[in-house]
Amino acid sequence: MSKVAISEPVSIWQLGAPLGEGPVWVERDQALWFVDIKSHKIHRYDPANGATRSWDAPGQVGFILPVGGGGFVAGLQTGLSKFDERDGSFTHICAPEPDLPTNRLNDATVDPQGRLWFGSMDDGEGDITGAIYRLGSDGSCVKASPHVSITNGPAVSPDGKILYHVDTLGGVIFACDVDDSGMLVNRREFARIPNEEGFPDGPTVDSEGCVWIGLYKGWGVRRYSPAGELIETVAFPVSAITKIAFGGPDLKTVFATTANKHIAPGDLAKEPHSGDLFRFEVSVPGQKAFLIREGV
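The structure displayed is predicted, hence computed values, not measured ones.

Engineer: Explain the state of the cysteines to me, please; I cannot follow it from the model alone.
Structural biologist: Linking two cysteines covalently through their sulfur atoms gives a disulfide. Applying the stated criterion across every chain yields a total of 1 disulfide. The disulfide partner of Cys94 is Cys141, and the S-S distance across this bridge is 2.4 Å. Note on the Cys94 and Cys141 pair: the S-S dihedral is about 50°, so by sign convention the disulfide is right-handed. Taken together, the residues span a long stretch of sequence, with Cys94 in strand β9 (residues 89-94) and Cys141 in strand β13 (residues 141-143) at a distance of 47 residues. What makes Cys94 buried here is its relative accessible area of 9%. Look at Cys141 and you get partly exposed, because its relative accessible area is 21%. Free cysteine: Cys210, not disulfide-bonded; nearest cysteine sulfur from Cys176 at 19 Å.

Engineer: Sorry if this is basic, but what is going on with the sheet that holds strand β3 (residues 31-36) here?
Structural biologist: Each strand in a sheet pairs with another by means of backbone hydrogen bonds, the pair being arranged parallel or else antiparallel. Pairing is antiparallel across the open sheet formed by 4 strands, whose spatial order is β2-β3-β4-β5. Two strands in the sheet have a free side with no partner beyond their single neighbour: β2 (20-26) and β5 (51-56). The average undirected angle you get between the axes of adjacent strands in this sheet is 20°. One ladder, built from 5 bridges, connects β3 with strand β4 (residues 41-46); its direction is antiparallel. Across the sheet, residue Val35 finds its bridge partner in β4, namely Ile42.

Engineer: Would you take a moment to explain the packing of aromatic side chains for this structure?
Structural biologist: The description of an aromatic ring pair uses the distance of the two centres, along with the angle that the planes make with each other. Applying the stated rule across the entire model yields 17 aromatic pairs. With a centroid separation of 6.3 Å and an interplanar angle of 45°, the aromatic rings of Phe72 and Phe83 are classed as tilted. Taken together, the residues span a long stretch of sequence, with Phe72 in strand β7 (residues 72-76) and Phe83 in strand β8 (residues 79-84) at a distance of 11 residues. Residue class for Phe72 comes out buried when judged on its relative accessible area of 0%. Accessibility expressed as a relative area gives 0% for Phe83, which makes it buried. Where Phe236 meets Phe278, the ring centres are 5.5 Å apart and the plane angle is 65°; that geometry is what we call edge-to-face. Taken together, the residues span a long stretch of sequence, with Phe236 in the loop between β21 (230-235) and β22 (241-247) and Phe278 in strand β24 (residues 277-281) at a distance of 42 residues. Judged by relative accessible area, Phe236 falls into the buried class, the value being 6%. By way of ring pairs, the aromatic residues Trp13, Trp25, Phe34, Tyr45 and Phe255 are connected into one cluster. Cation over ring: Arg134 sits above Trp117, and NZ or CZ is 5.8 Å from the ring centre. When the ring centre of Phe174 is taken as reference, the NZ or CZ atom of Arg187 above it lies at 3.7 Å.

Parameters and conventions
Residues numbered from 1 in each chain as written. Predicted model: local features only at pLDDT ≥ 70, side-chain atom pairs only at ≥ 80, totals over all residues. Heavy atoms only, no water. Disulfide = S-S within 2.5 Å. Helix = DSSP H or I, 4+ residues; strand = E, 2+ residues; numbered from the N terminus. Buried < 20%, exposed > 50% of the residue type's maximum accessible area, 1.4 Å probe, protein only. Pairing = 2+ DSSP bridges. Axes fitted to C-alpha atoms, helices over the stretch in contact; angles between N-to-C directions. Phe/Tyr/Trp six-rings, centres within 6.5 Å; stacked < 30°, edge-to-face > 60°. Lys NZ or Arg CZ within 6 Å of the ring centre and 35° of its normal.

These figures capture arrangement, not role.
Below, the structure written as structure tokens:
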């Protein structure tokens, strides 16, 4: 496979977010939605005119994903909530880990069947208490992976048969098969990244089935083939890229969230755009974001 990035990343919204995360292109809005976990913010960016809007969340918010019929599901520290952008309200759905008050929700995706998959993690980034969950059709939270400290992803292949999730501190990207009942089987190592090269953060899968990984403290994003081979690296002018999303009418514009919470105040001048929203262009489109149709 050849390289697909055709432009360099540029900052398009100077947010300076401590922990920007979870970008998703919402087709019905023709806009990008994402969160700033540590600032308790939900953001929307409209590339057609550069318009921006933000909402306050009632706590740390790890992701925001669209629901069929309108509205969103937000991943809060207290669990899943329905978010209505019209009035900024949050309605609780379920708490996957009521016995783990120091955990929070971190990243998520929706598969082609409309099922929400999401991860939890230790907010202190040390204890091995995070896991991957699926929102069941009855509104329950179904645990689907062994425990890790910091989960990222999941992300799903174009046919919905493979789910990828990340053990960030361990530097491992896992692949799992999704069986007919919606359970994960045959978990195996897909790729491994040494800590000195950056910590694998949010994964995203393009239309060719290649897996893109944001690198925290790694100054770029990587693209891996479906076989787990590194085929491309896109360099950034900031050190912590948390996740990318494909957007625009042709899904060939890549948006990337970044973070600056790890940077000492005296070092911010070395990467003044850390925490900003970035974009670059590619020649191979991504996948559209599916709508949540189960459990809400």
